[in-house]
Amino acid sequence: MTNRRGVGAALLGAALLAATASCAPGEEGGGRTPPPLPAASDAAGATASASVSATASVAASVAAGATPGGGETNPTPAAPRTLVTGLTVPWAIAFLPGGDALVTERESARLLRVTPRGQVHEVAVIEGVSASGEGGLLGVAVSPRYAADHFVFVYFTAGNDNRIVRYRYDGRLSDRRVLVSGIPKGAIHNGGRLAFGPDGYLYASTGETGERGMAQDKKSLGGKILRMTADGRPAPGNPFGTLVWTYGHRNVQGMAWDDRGHMYATEFGQNTYDEINLIEKGHNYGWPEVEGVGGRPGYTDPLLTWSTAEASPSGLAYARGSLWAAALRGERLWRVPVDGSGRAGRPAALYTGEYGRLRAVAVAPDGTLWVGTSNRDGRGSPRDGDDRILVVRPSS
């Protein structure tokens, strides 16, 4: 197997995890709840009971409140401020030049434009969306060359498949073009995240729709991370000559890159482990043969795992030396320090239970994090004003 930077070197009682009670199906709140791992307190007082692939020196540094590789303290950010209320299952956030954001709503198929002052304008209702189960209008991405091409991209569930569609946006949507169709759809595990990498290519995450075998089938688009040009063609250098960049995924819903170009992805587990993976070209991430750290030849182990009750991680962003993962079932924002080689330090759980289910997280041009709640998705308990977008100023 691939031994990535001491994977599993700091496992915190992983052998104690075992599946117990049954729950509703689906990655966003289902699976079975295992007994909790022994908790380890971080410097801010939050508990982190994840398994972390960090070396002893990195783990000790983070436990002391330092950023891996540095000596700065990492205090808990201030309480978020509410930017927008009254949304319905905001799924993804992508920023336009100038600071406004495009926000998708899964159930309504609305594409919204939200300003940094909290003004909301409906751009369009995306045609062809068939919202049911965990499907609907999902990811959105803005071209890194937007000033020249005005391209925006959406990922959505249609009648018979999931697909990626490109539009030209200049105050209104036009020039609709289907780039990728035939991505498997299901009531669960539709993937859906879109993001441009530092290489300028578009990445898309897909799920295996509950059909486990397709994750290992390199000819299937399900259970994969895809990499493509802005025209939907396989990007140069893809490992198999197709759209597939990595495989063996159950359901990836978060992707992010650090300052050195390392790629990370969140992944929903089934019964025991949710994951953050360090994504590398052509690697097999194990599902359904392995859940969590398997130590088996041919499969790449996760960078970090949680119990499913603590996470169900969806959106992912990188800012100020840390990954920030939005947790649905776990109802918290996870901060995971990472060092220059892509190793993870000890996670810190922030705002646990304060805002309910968290799904979207994105870094705004001003360096703040925009975080979307998902309490109106049928698995949460809506509060007055839900769903909302919160603004978090990440600590250094």
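The shown structure was predicted, so the numbers you read here are calculated from the model rather than taken from an experiment.

1. Details of the overall build of the protein chain
Then step 1. Broken down by element type, the protein chain carries two helices and 27 strands.
Then step 2. Every one of the 396 residues in the protein chain was classed for burial, and the buried ones make up 61%.
Then step 3. Partitioning the intrachain contacts of the protein chain with sequence separation of at least 6 by distance along the chain shows that 54% fall at a separation of at least 24.
Then step 4. Total accessible area computed for the protein chain in this model is approximately 14,000 Å², and 47% of it derives from carbon and sulfur atoms.

2. What about the layout of surface pockets?
Space left empty within the atom packing is revealed by a probe, the size of a water molecule, rolled over the atoms.
Then step 1. In this structure, the largest pocket spans a volume of roughly 770 Å³.
Then step 2. Considering the residues around the largest pocket, the lining is formed by 30 residues, among which Ile 93, Ala 195, Phe 196, Ala 362 and Val 363 are closest to the centre.
Then step 3. Partitioning the lining of the largest pocket into residue classes produces 24 nonpolar, four polar and two charged.

3. Details of the packing of aromatic side chains
Then step 1. Tallying each qualifying case throughout the model produces eight aromatic pairs.
Then step 2. Both rings, one in Tyr 351 and one in Tyr 355, keep their centres 6.1 Å apart while their planes meet at 80°; by these two values the pair is edge-to-face.
Then step 3. Across the ring face of Phe 151, the terminal group of Arg 166 is positioned such that the distance to the ring centre comes to 3.9 Å.
Then step 4. One Lys or Arg, Arg 250, reaches over the ring of Trp 287 and ends 5.3 Å from the middle of that ring.

4. Quick word on the pattern of salt bridges
Close approach of charged atoms lets side chains of opposite charge pair.
Then step 1. As enumerated under the stated definition, the model contains 16 salt bridges in all.
Then step 2. Taken together, the shared-partner salt bridges connect Arg 166, Arg 177, Asp 231 and Arg 233 into one network.

5. Notes on the side chain of Arg 193
Then step 1. Positionally, Arg 193 belongs in the loop between β12 (173-183) and β13 (194-196).
Then step 2. Engagement of the side chain of Arg 193 in a polar contact is seen with the side chain of Ser 314, the distance being 3.3 Å.
Then step 3. If we skip the residues at most four places from it in the chain, Arg 193 touches Trp 91, Ala 92, Tyr 203, Ala 204, Ser 205, Gln 253, Gly 254, Met 255, Ser 314, Gly 315 and Arg 359.

6. Considerations on the sheet that holds strand β26 (residues 369-373)
Then step 1. An order of β4-β27-β26-β25 is seen for the four strands of this open sheet, with the pairing classed as antiparallel. Unpaired on one side and paired on the other, β4 (81-84) and β25 (358-363) mark the two borders of the sheet. Averaged over all pairs of adjacent strands, the angle between their axes in this sheet comes to 30°, without regard to strand direction.
Then step 2. Looking at chain direction, β4 and strand β27 (residues 389-392) are connected through three bridges and run antiparallel. When the sheet's bridge partners are listed, Val 84 is paired in β27 with Ile 389.

Calculation criteria
- Residues numbered from 1 in each chain as written.
- Predicted model: local features only at pLDDT ≥ 70, side-chain atom pairs only at ≥ 80, totals over all residues.
- Heavy atoms only, no water.
- Helix = DSSP H or I, 4+ residues; strand = E, 2+ residues; numbered from the N terminus.
- Buried < 20%, exposed > 50% of the residue type's maximum accessible area, 1.4 Å probe, protein only.
- Contact = heavy atoms within 4.5 Å.
- Areas by Shrake-Rupley, 256 points an atom, 1.4 Å probe, with all protein chains shown as cover.
- 1 Å grid on protein atoms, 1.4 Å probe; cavity = no way out; pocket = protein on both sides within 12 Å on 5 of 7 lines; lining within 4 Å.
- Points joined across faces, edges and corners; volume = space filled by probe spheres on them.
- Nonpolar A, V, L, I, M, F, W, Y, C, P; charged D, E, K, R; others polar.
- Phe/Tyr/Trp six-rings, centres within 6.5 Å; stacked < 30°, edge-to-face > 60°.
- Lys NZ or Arg CZ within 6 Å of the ring centre and 35° of its normal.
- Salt bridge = Lys/Arg side-chain N within 4 Å of Asp/Glu carboxyl O.
- Polar contact = N/O pair within 3.5 Å; in protein donor to acceptor, adjacent residues only side chain to side chain.
- Pairing = 2+ DSSP bridges.
- Axes fitted to C-alpha atoms, helices over the stretch in contact; angles between N-to-C directions.

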